[in-house]
Amino acid sequence: MHLIVNPSASSVTARGRVVITKALTADHEVTVSETARRGHATRLAAAAAADGADVVVVLGGDGTLNEAANGLAGTMTALAAVPGGSTNVFARTLGLPDDPIEATGALLDALAYNSIQRIGLGSVNGRYFLFHVGIGFDAAVVAEVERRGSLKRWANHALFGWAAFDTWLRKYNRKRAHFSVRVEGKPTVDDGMFTVCLNTDPYTFIGTRPFTIAPEASLDRPLSIVTLRTLDAIPLVRILSSALGSGRHLRSSKYVSLHTDVTNVEIDGYGPIPHQVDGDYLGDVERLELRFEPDTLSLVVPRVTSR
């Protein structure tokens, strides 16, 4: 087993790391590495797989988990998540407790019963994603949050809320379309403002509440893609409020385009468009190609949610 720790992640503490390492070493041979920079977890995970590790455990946030998944994709080394970030979308989607020590117990239980599932991943311009890619307004908000990364540990949801409002009000053009979308090679939307392509649902969590936009998205199906065609205040508030409830209004809104079981999406910007992958802002580009890549990653899954 190789444990990758992001010491800068929001919920990682020295005490927690010691307790988790001790729990893992009780029944497993464990090597521990720390990430030192962006992209480091990808190299650490790939090296662990090349050295014959059975499992790579990541103690960090969604970004570190994404990097490790990119290092393990195409290998037989399994990925296991221990939540250490501010929101921990993927770990919580799997059904893991948000407390990292409790999650370690669930992980050890899963390993004892060999609860490992082979899953498909999404890819965007060659980069794999575990749960979603956000394009347009969503990514502009993430970029704004990352500019104030030092506040994220202490004011996570408040910071996102403020960044979303400030971006909507002053920093993202709501008067013109930003990109077009083609699903499975067919023109679908020519006035996109905000798109999310999902490998799992929910899109995120607001506190303990899931923010659901495509309940069909799951690890045993291809991708789902949701595109908003307006950012006007009244329809936007109705759509976002719906995502915190049944999602009925979102799914029936004339301003929303929803496709499920998708294997290929092409997005062409009317100029550079921001994009984020599993919560990490990756810059502005003029074209994105998203694909579903089946049978790509071995994943340790808590037994309560094994499928």
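Notes on the structure in this doc start here.

Cut-off values and rules
Residues numbered from 1 in each chain as written. Predicted model: local features only at pLDDT ≥ 70, side-chain atom pairs only at ≥ 80, totals over all residues. Heavy atoms only, no water. Helix = DSSP H or I, 4+ residues; strand = E, 2+ residues; numbered from the N terminus. Contact = heavy atoms within 4.5 Å. Polar contact = N/O pair within 3.5 Å; in protein donor to acceptor, adjacent residues only side chain to side chain. Phe/Tyr/Trp six-rings, centres within 6.5 Å; stacked < 30°, edge-to-face > 60°. Buried < 20%, exposed > 50% of the residue type's maximum accessible area, 1.4 Å probe, protein only.

As a further point, take the environment of Arg 174. Within the secondary structure layout, Arg 174 lies in the loop between helix H7 (156-171) and strand E8 (179-183). Arg 174 has contacts with Trp 168, Leu 169, Met 193 and Leu 231, leaving out every residue within four places of it along the chain. Separated by 2.6 Å, the side chain of Arg 174 and the backbone oxygen of Trp 168 make a polar contact.

Our focus in this paragraph is the packing of aromatic side chains. One pass over the full model with this rule turns up five aromatic pairs. When the centroid spacing of 6.4 Å and the interplanar angle of 20° are considered together, the rings of Phe 90 and Phe 131 count as stacked. Remark: Phe 131 occurs in the loop between strand E6 (127-129) and strand E7 (132-136) and Phe 90 occurs in helix H4 (residues 89-94); sequence separation between them is 41 residues. In this structure Phe 131 comes out as buried when scored by relative accessible area, which is 2%. Where Tyr 203 meets Phe 211, the ring centres are 5.9 Å apart and the plane angle is 55°; that geometry is what we call tilted. A relative accessible area of 14% means that Tyr 203 is categorised as buried. For Phe 211, a relative accessible area of 10% translates into the label buried. Pairwise contacts between aromatic rings join Phe 137, Tyr 172 and Phe 194 into one cluster.

The next point concerns the side chain of Asn 66. Secondary-structure assignment places Asn 66 in helix H3 (residues 62-72). Judged by its relative accessible area of 1%, Asn 66 is buried. Among the polar contacts listed, one links the side chain of Asn 66 to the side chain of Arg 127, at a separation of 2.7 Å. Here the side chain of Asn 66 touches Asp 278 through a polar contact of 2.7 Å, side chain to side chain. Beyond its immediate chain neighbours, meaning those up to four positions away, Asn 66 contacts Arg 127, Tyr 128, Phe 129, Leu 130, Val 277 and Asp 278.

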